[in-house]
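Analysis of the macromolecular model
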Amino acid sequence: MAGIYIFSDRADIAAEIVGFARAAGKEAFVMALGEEAAQALTNAGADKIYAIDGDSELIESYAKDIAEFLIKAGAELFAVGATPRGRDLAARVAGYLDCAMASDVVSVEYHDNQLTCVRMLYGGAVQEKQVLSGLSVVTIPAGKFEPAQGESTIEALKLKADTRVSIVETAPIVKEGVDLSKAEKVVCVGMALDKEEDLQIARDLAAVLGAELGCTRSIAEERHWLPVESYIGISGAVIKPRLYISMGVSGQIQHVYGIRDANLIVAIDINEKAPIFKAADYGIVGDLYEVVPLLTEALKK
Ligand SMILES: Cc1cc2nc3c(=O)[nH]c(=O)nc-3n(C[C@H](O)[C@H](O)[C@H](O)COP(=O)(O)OP(=O)(O)OC[C@H]3O[C@@H](n4cnc5c(N)ncnc54)[C@H](O)[C@@H]3O)c2cc1C
């Protein structure tokens, strides 16, 4: 049956994508892995829910059979929730279909039965518009559409899984750092620090302000001076503190993406042309090894 076929391992995103299908005047068919996941989606407003029944607990193992099912069903679009698992599935299905794919779209609309997608590039600095034709695959993040509501029926869908990969063991990720997304004040260190012991300069300032310590990706991923939970940016934490103070952070777009919602941005950098000053409300041009201890002392008083 033509229409939009949907998968998301998050029920809220599945309901939002059904909402998009409804707004586009299309039928919406939701796929879920197993009966339990299908039950969780019965209020998502779909025309039908397919409960995938097979030999694997990993949705991506069904990618080949899902692709074949979509062709047989005459699907117009496979829309997948942009979660880590969803992205993995979407890419595989698009590979098997050998079709167009747009990932992490911020808006998606039909014009004359052609699908127009808008995606953010370079940390949100640029918007790219893509027009997809024929059966295509898109991934859609949470919060882009009004969720649909309404009862749906469940139909079992027997699919064959590629069982070469299976789950042997699962373990929770142990988080070492603080949850910066909830911090009121953040002091952020960048690659200007010469040695790990110099983090103390930032810790002293953070202590006097009652702030959490954050960093750029390079400090966490290259130098391993702070846990990965501490780095801010497009691939790290997105923060919205009342106060953010950077020291020796150049302000590349991937970092600035994570601080755009900070109330007050104060930047300290030796280079007056550092891009961080464009994002900052207040800037101090100077050597952090001189400026920061003076600032800490002044704040103590
Ligand atoms: C796909 C991708 C994703 C990425 N995601 C992220 C991300 O999520 N978060 C992130 O942070 N980065 C990310 N990056 C990396 C990013 O592009 C930058 O490389 C990184 O943010 C730079 O870190 P930095 O500002 O600490 O270092 P640098 O760019 O080296 O800047 C150091 C700054 O310190 C200043 N300085 C030097 N000495 C002193 C001194 N004594 N006193 C004061 N200032 C001084 C310099 O003038 C300079 O401005 C990503 C990159 C890619 C390609």
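Every residue gets a number counted from 1 within its own chain, in the order that chain's sequence is written. Under the rules for a predicted model, residues below a pLDDT of 70 receive no local features and side-chain atom pairs below 80 are neither given nor counted, while totals for whole chains, interfaces and linings still include all residues. Excluded from the side-chain calculation are hydrogens and water; included are all heavy atoms of the structure.

Structural notes on the domain arrangement of the protein chain
The line we're drawing: Here the bounds of each domain stem from an automatic or database domain assignment.
Looking at the protein chain, the domain boundaries give domain 1 (4–158) and domain 2 (180–300). If you average the C-alpha positions of domain 1 and of domain 2, the two centres end up 39 Å apart.

Regarding the side chain of Glu-60
So the rule is basically this: The numbering of helices and of strands both runs from the N terminus, where a helix is a DSSP run of H or I of at least 4 residues and a strand a run of E of at least 2. Residue burial is assigned from relative accessible area. The probe radius is 1.4 Å, only protein chains are included, and a residue is buried under 20% of its type maximum, exposed over 50%, and partly exposed in between. Distance and chemistry together define a polar contact, namely a pair of N or O atoms within 3.5 Å, with one atom able to donate a hydrogen and the other to accept it when in protein, and with adjacent residues in sequence counting only for side-chain atoms on both sides. Contacts are residue-level and defined by heavy atoms, with any inter-residue pair within 4.5 Å sufficient.
With respect to the helices and strands, the residue Glu-60 is situated in the loop between strand S3 (48–53) and helix H3 (63–73). For Glu-60, a relative accessible area of 10% gives the class buried. Engagement of the side chain of Glu-60 in a polar contact is seen with the side chain of Arg-85, the distance being 3.0 Å. Among residues more than four places away in sequence, those in contact with Glu-60 are Arg-85, Asp-88, Leu-89 and Arg-92.

So, the environment of Ile-265
Mapping Ile-265 onto the fold places it in strand S14 (residues 264–269). For the pair Ile-265 and Ala-279, spaced 14 residues apart in sequence, the C-alpha separation works out to 7.3 Å. Apart from residues lying up to four places away in sequence, Ile-265 is in contact with Tyr-244, Ile-259, Ala-279, Ala-280, Asp-281 and Tyr-282.

A few points about a nonpolar patch on the surface
Where we set the bar: Only residues whose relative accessible area exceeds 30% and that take part in no salt bridge are eligible for patches, with like-charged residues grouped when within 9 Å of each other and nonpolar side chains (Val, Leu, Ile, Met, Phe, Trp, Tyr) grouped when within 5 Å. In these tables, accessible area is a Shrake-Rupley quantity obtained with a 1.4 Å probe, and a residue counts as shielded only by the protein chains included in the view. Only one rule defines a salt bridge in this text: a Lys or Arg side-chain nitrogen within 4 Å of an Asp or Glu carboxyl oxygen.
There is a patch of nonpolar side chains on the surface, built from Tyr-122, Val-126 and Ile-253 and spanning about 280 Å² of accessible area. Within the element layout of this structure, Ile-253 appears in helix H7 (residues 253–256). For Ile-253, a relative accessible area of 36% translates into the label partly exposed.

Remarks on the nonpolar core
Definition in use: Put simply, a nonpolar core is a bunch of buried Ala, Val, Leu, Ile, Met, Phe, Trp, Tyr and Cys residues held in one set by side-chain atoms that sit within 4.5 Å of each other.
Among the nonpolar cores identified, the biggest contains 31 residues, and Phe-20, Leu-115 and Val-138 are the most heavily contacted of them. The dominant element in this core, judged by the number of residues it contributes, is helix H1 (residues 11–23), at seven residues. Residues within four places of Phe-20 in sequence aside, it is in contact with Ile-4, Leu-77, Val-108, Tyr-110, Leu-115 and Phe-145. With 26 residues, the next largest nonpolar core counts Ile-59, Ala-63, Ala-73 and Val-80 among its residues.

As for the sheet that holds strand S13 (residues 243–247)
Test applied: Only when DSSP finds a minimum of two bridges between them are two strands counted as paired. All axes are obtained by fitting lines to C-alpha atoms, using only the stretch in contact for helices, and the reported angles, taken between N-to-C directions, cover 0 to 180 degrees.
Sheet architecture is open: five strands sit in the order S12-S11-S13-S14-S15, paired in parallel fashion. Among the strands making up the open sheet, the edge pair consists of strand S12 (212–215) and strand S15 (282–285). For this sheet the average axis-to-axis angle between neighbouring strands, irrespective of direction, equals 20°. Contacts from helix H9 (residues 288–300) reach S13, S14 and S15, with the element oriented near 135° to S14.

Notes on the sheet that holds strand S6 (residues 105–111)
The sheet built from three strands is open, its strands ordered S6-S7-S8 with antiparallel pairing. Edge strands, defined here as strands with exactly one partner in the open sheet, are S6 and strand S8 (126–132). Along the sheet, successive strands turn relative to each other by an average axial angle of 20°, direction set aside. With seven bridges joining them, strand S7 (residues 114–121) and S8 adopt antiparallel strand pairing. Residue Val-118 lies in a different strand from S8, and its bridge partner there is Lys-129.

Some remarks on the packing of H3 against helix H4 (residues 84–97)
Where we set the bar: Any angle between 65 and 115 degrees counts as roughly perpendicular, while under 35 counts as roughly parallel, over 145 as roughly antiparallel, and the rest as oblique. The crossing is said to be left-handed when, going from far helix to near helix, the turn is anticlockwise and less than a right angle, and right-handed when the turn is clockwise. For this scheme, ten residues count as nonpolar: Ala, Val, Leu, Ile, Met, Phe, Trp, Tyr, Cys and Pro. Four count as charged, namely Asp, Glu, Lys and Arg, and the remainder, Gly too, count as polar.
Between H3 and H4, the shortest axis-to-axis distance is 8 Å and the interhelical angle comes to 60°. Relative to H4, the element H3 lies oblique. In the crossing of H3 with H4, the sense of the turn from one axis to the other is right-handed. Facing H3, whose interface residues are Ala-63, Lys-64, Ile-66, Ala-67, Leu-70 and Ile-71, H4 presents Leu-89, Arg-92, Val-93, Tyr-96 and Leu-97. Among the residues making up the contact of H3 with H4, the classes are represented as nine nonpolar, no polar and two charged.

What to know about the site of the ligand
Our working definition: For this description, a residue counts as near a given molecule or strand if any of its non-hydrogen atoms is within 4 Å of it.
Among the 25 residues in the neighbourhood of the ligand, the closest are listed as Met-191, Thr-216, Ser-235, Ser-250 and Asp-269. A distance of 2.6 Å separates an oxygen atom of the ligand from a polar atom in the side chain of Thr-216. Residue Ile-234 places a main-chain N or O atom 3.1 Å away from an oxygen atom belonging to the ligand. Sorting the residues of the shell around the ligand by element identifies helix H6 (217–222) and H7 as the ones contributing at least two each. Broken down by class, the residue content of the shell around the ligand amounts to nine nonpolar, 13 polar and three charged.

Some points on the pattern of salt bridges
One pass over the full model with this rule turns up 15 salt bridges. Its salt-bridge partner being Asp-53, residue Lys-158 comes within 3.4 Å of it at the nearest N-O pair. Here Lys-158 is found in strand S10 (residues 154–158), whereas its partner Asp-53 is found in strand S3, with 105 residues between them in sequence. Among the residues examined, Asp-53 registers a relative accessible area of 36% and is labelled partly exposed. Note that Glu-184 and Arg-242 form a salt bridge whose closest N and O atoms lie 2.8 Å from each other. Here Glu-184, found in the loop between S10 and strand S11 (185–189), pairs with Arg-242, found in the loop between H6 and S13; they are 58 residues apart in sequence, far enough to count as distant.

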